Amino acid sequence: SEDYRSMWTELGLDLEAHDALLGVLGQAYQDIYLAQKDRPEGMGYFDFVMSEVHGLRIKELLDEKTAGRKIVGSYCVFVPEEIVLAANATLVGLCSGADFATEDVERLLPRNTCALIKSAFGFKLGKVCPYLESADMIVGENTCDGKKKAYESLAGLVDNLYVMDLPQVKHENGRALLKAEYNRFKDAMESLTGVSITADSLKQAIRTVNAKRAALHRLSALRKADPAPISGLDALLANQVFFYDNPTRFTDSVNKICDELEKRIEAEQGVFPEKTPRVLVAGCPQAVPNWKLPMIVETTGAVIVGEESCVGERGTRNLTDESGETVEAMLDAIVDRYFKVDCAIFTPNPDRLDHIQQMVADYRADGVIHYGLQFCQPYLMESIPVEKALEEAQIPCLRLETDYSMEDVGQLKTRVEAFVELL
Ligand code: BJ8
């Protein structure tokens, strides 16, 4: 609409490039999502969210800003939403899953940088991300070398970058660093918003974020059923929208889908026939609109039953203890909760392998596809021992390495087909 166009212009977007992006996105959504059969009716909500992803949701964020709230953007699940909400700000995810302005990006970053980082830069340089342009603060974090160094360059492109340091070992010293950094972040949030975090506001924030994670836990548990009541594509979309949507509305919408899925399971209804080979995807995050792998898998006679990923269970699996009565006690609980995230930047990282095996058992997966983005050292390095351990446990594993381009779709499809035949 005209209103949206003037909103985008005011945000400084390049309207022509942005139209092109929305065109591609809309078409991909049509071809990949709307082409699926027997989708739960509740997915209509997510279809609406996606059709308005740069429209209504941005308008809501701008309205929040007019009302005095701040918007904070982040690229990693280590940025604690509880602290952001408690300081009267809104957190949005900025990771993106499409190539954009690649030539410009490669003037700033080496060609052998992972697609996720390049995409973040492309959306900034191409002026096509209204979330990034709405943000009052952008939070980077010292995780992999690629991101850590890229933020130094990003600092020259945005004027509101805050960088959080993160530990790399699961040891008392690592926890102490995380705690110090979360305290520093709390101070930074309070000075951004001018609002002091209180025991009440923090408790409320913990409850809000726990509720949205719990809704996804409920959704995951329903995916244990055979036939699968929801496709991996649709479940991934819910995990992606987790990062953008109004938290309470998101929670309600996911719970509504779960009510519907419970009925489906009772009626033994599924999106794929019973005994369809079941796949667990493990590895790098798949940000919107990166639907490439699930699209390939689910058009090749298999169904994805879980994502061991930050856009998935690695990001959402643990809740924060909400019983603390003081800000200090609740901050400790927040540190405890996030310190369990088993990102491959940690060394050593045995919890991740345990979690993958646990997920295989819980979701009754027949095999694992390890999804690695090209040039992502942490996950590609880890994929080799992961594959070895799974094979020792007699769990078939396929290690894929890819990027955001569509050039290798045929080749990937051939490999996935051969893998699915084994299951
Ligand atoms: S907690 S997974 S969201 S860092 S794909 S940019 S690792 S080279 S995304 Fe992540 Fe936080 Fe960890 Fe999760 Fe680097 Fe790899 Fe690129 Fe990656």
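Data block above holds the structure.
Note that this is a predicted model, so its numbers are computed, not measured.

Engineer: Even after reading the chapter, I still don't get the site of the ligand, so can you show me in this structure?
Structural biologist: Taken together, 16 residues surround the ligand, and among them Cys 114, Cys 144, Cys 310, Cys 343 and Cys 376 come closest. Broken down by class, the residue content of the shell around the ligand amounts to 13 nonpolar, one polar and two charged.

Engineer: Just checking my understanding: could you explain the side chain of Gln 286 for this structure?
Structural biologist: Note that Gln 286 resides in the loop between strand 5 (278-283) and helix 14 (292-298). For Gln 286, the contacting residues outside a window of four places in its chain are Leu 236, Gln 240, Val 281, Leu 293, Pro 294, Ser 309, Val 311 and Tyr 371.

Engineer: Explain the pattern of salt bridges to me, please; I cannot follow it from the model alone.
Structural biologist: Close approach of charged atoms allows side chains of opposite charge to pair. This structure, assessed with the given rule, holds 37 salt bridges. A salt bridge links Asp 63 to Lys 59; the shortest N-O distance between them is 3.0 Å. A residue pair is termed a helical-turn pair when its members lie 3 or 4 positions apart in one helix, as Asp 63 and Lys 59 do in helix 4 (residues 56-66) at four residues. A relative accessible area of 39% means that Asp 63 is categorised as partly exposed. Using a relative accessible area of 35% as the deciding quantity, one classes Lys 59 as partly exposed. Between Glu 141 and Lys 147 there is a salt bridge, with the nearest N and O atoms lying 3.3 Å from each other. The pair Glu 141 / Lys 147 is uniform in exposure class, with both members buried. Here the salt bridges share partners, and the residues they tie into one network are Arg 175, Lys 179, Glu 328, Asp 332 and Asp 336.

Engineer: Looking at this structure, I do not really get the environment of Gln 168. What am I missing?
Structural biologist: On the secondary structure map, Gln 168 appears in the loop between strand 4 (161-164) and helix 10 (172-193). On a C-alpha basis, the gap between Gln 168 and Leu 178 in space is 9.9 Å, while along the polypeptide they are ten residues apart. When residues no more than four places from it in sequence are discounted, the contact partners of Gln 168 are Asn 142, Thr 143, Lys 148, Ile 345, Phe 346 and Thr 347.

Engineer: Would you mind showing me how to read the sheet that holds strand 3 (residues 137-141) here?
Structural biologist: For sheets, the rule is that strands pair by backbone hydrogen bonds, running either parallel or antiparallel. Overall, parallel pairing links the four strands, which are arranged 2-1-3-4 in an open sheet. In the strand order of this sheet, the two ends are held by strand 2 (89-93) and strand 4, each with one partner. Taken over all neighbouring pairs, the strand axes of this sheet differ in orientation by 30 degrees on average, direction set aside. Looking at chain direction, strand 1 (residues 70-74) and strand 2 are connected through five bridges and run parallel. The partner of Ile 71 across the bridge, within strand 2, is Thr 90.

Engineer: Mind showing me how you'd approach the nonpolar core here?
Structural biologist: When a protein is soluble and globular, its nonpolar side chains tend to lie buried together. Membership of the largest hydrophobic core comes to 129 residues, with the highest contact counts inside it found for Phe 46, Phe 78, Phe 185 and Trp 291. Among the elements that take part in this core, helix 11 (residues 199-222) stands out by supplying eight residues, more than any other. Within the second largest apolar cluster, 15 residues are counted, among which are Val 303, Tyr 363, Val 368 and Cys 397.

Engineer: I'm lost on the packing of aromatic side chains in this one. Help?
Structural biologist: One pair of aromatic rings is described through two measures. These are the centre distance and the angle between the planes. Overall, the coordinates contain 15 aromatic pairs when judged by the stated rule. Aromatic pair Phe 46 and Phe 250: ring centres 6.2 Å apart, planes at 85 degrees, arrangement edge-to-face. Of this pair, Phe 46 sits in helix 3 (residues 43-51) while Phe 250 is found in helix 13 (residues 247-266), placing the two residues 204 residues apart along the sequence. With a centroid separation of 5.7 Å and an interplanar angle of 55 degrees, the aromatic rings of Tyr 162 and Phe 185 are classed as tilted. Of this pair, Tyr 162 sits in strand 4 while Phe 185 is found in helix 10, placing the two residues 23 residues apart along the sequence. Residues Tyr 162 and Phe 185 agree in their burial class; the two are buried.

Engineer: I tried to follow the sheet that holds strand 7 (residues 367-373) on my own but got confused; where do I start?
Structural biologist: Pairing within the open sheet is parallel, and its four strands lie in the order 6-5-7-8. Looking at strand neighbours, the two that pair on one side only are strand 6 (303-308) and strand 8 (397-402), the edges of this open sheet. For this sheet, the mean inter-axis angle between neighbouring strands, taken without regard to orientation, is 25 degrees. When strand 7 meets strand 8, the two strands line up parallel, connected through six bridges. The partner of Leu 373 across the bridge, within strand 8, is Thr 402.

Engineer: Teacher, can you tell me more about the state of the cysteines here?
Structural biologist: A covalent bond bridging the sulfur atoms of two cysteines is what the word disulfide describes. Counted by the stated rule, this structure contains zero disulfides. The thiol of Cys 397 is not disulfide-bonded; the next cysteine sulfur, from Cys 284, is found 13 Å away.

Engineer: Is there a simple way to think about the packing of helix 11 against helix 16 (residues 327-339) in this case?
Structural biologist: Two measures define how a pair of helices packs: the angle their axes make with one another and the distance between the axes. Viewed as axis vectors pointing N to C, helix 11 and helix 16 meet at an angle of 25 degrees, and their least axial separation amounts to 9 Å. Between helix 11 and helix 16, the interaxial angle falls into the category roughly parallel. Like other packed secondary-structure pairs, helix 11 and helix 16 cross with a definite hand, here left-handed. Note on element contacts: helix 16 touches helix 11 through Val 327, Met 330, Leu 331, Ile 334, Arg 337 and Tyr 338, opposite Ala 199, Leu 202, Lys 203, Ile 206 and Arg 213. Looking at the contact of helix 11 with helix 16 residue by residue, the class counts come to eight nonpolar, no polar and three charged.

Engineer: When you look at the pairing of strand 7 in this model, what are you seeing that I'm missing?
Structural biologist: Within a regular strand, side chains alternate between the sheet's two faces. With respect to burial, strand 7 is a largely interior element, seven of its seven residues being buried. On strand 7, burial covers both faces: Gly 367, Ile 369, Tyr 371 and Leu 373 on one face and Val 368, His 370 and Gly 372 on the other are all buried. Relative to strand 7, strand 5 runs parallel, the two being bridged by five bridges. Across the sheet, Val 281 pairs through a bridge with Ile 369, a residue of strand 7. Handedness of the crossover joining strand 7 and strand 8 through helix 18 (residues 377-392) is recorded here as right-handed.

Definitions and cut-offs
- Residues numbered from 1 in each chain as written.
- Predicted model: local features only at pLDDT ≥ 70, side-chain atom pairs only at ≥ 80, totals over all residues.
- Heavy atoms only, no water.
- Near = heavy atom within 4 Å.
- Nonpolar A, V, L, I, M, F, W, Y, C, P; charged D, E, K, R; others polar.
- Helix = DSSP H or I, 4+ residues; strand = E, 2+ residues; numbered from the N terminus.
- Contact = heavy atoms within 4.5 Å.
- Salt bridge = Lys/Arg side-chain N within 4 Å of Asp/Glu carboxyl O.
- Buried < 20%, exposed > 50% of the residue type's maximum accessible area, 1.4 Å probe, protein only.
- Pairing = 2+ DSSP bridges.
- Axes fitted to C-alpha atoms, helices over the stretch in contact; angles between N-to-C directions.
- Core = buried A, V, L, I, M, F, W, Y, C linked by side-chain atoms within 4.5 Å.
- Phe/Tyr/Trp six-rings, centres within 6.5 Å; stacked < 30°, edge-to-face > 60°.
- Disulfide = S-S within 2.5 Å.
- Parallel < 35°, antiparallel > 145°, perpendicular 65-115°, else oblique.
- Left-handed = near helix turned anticlockwise from the far one by under 90°.
- Right-handed = clockwise from strand over helix to strand, strands pointing away.

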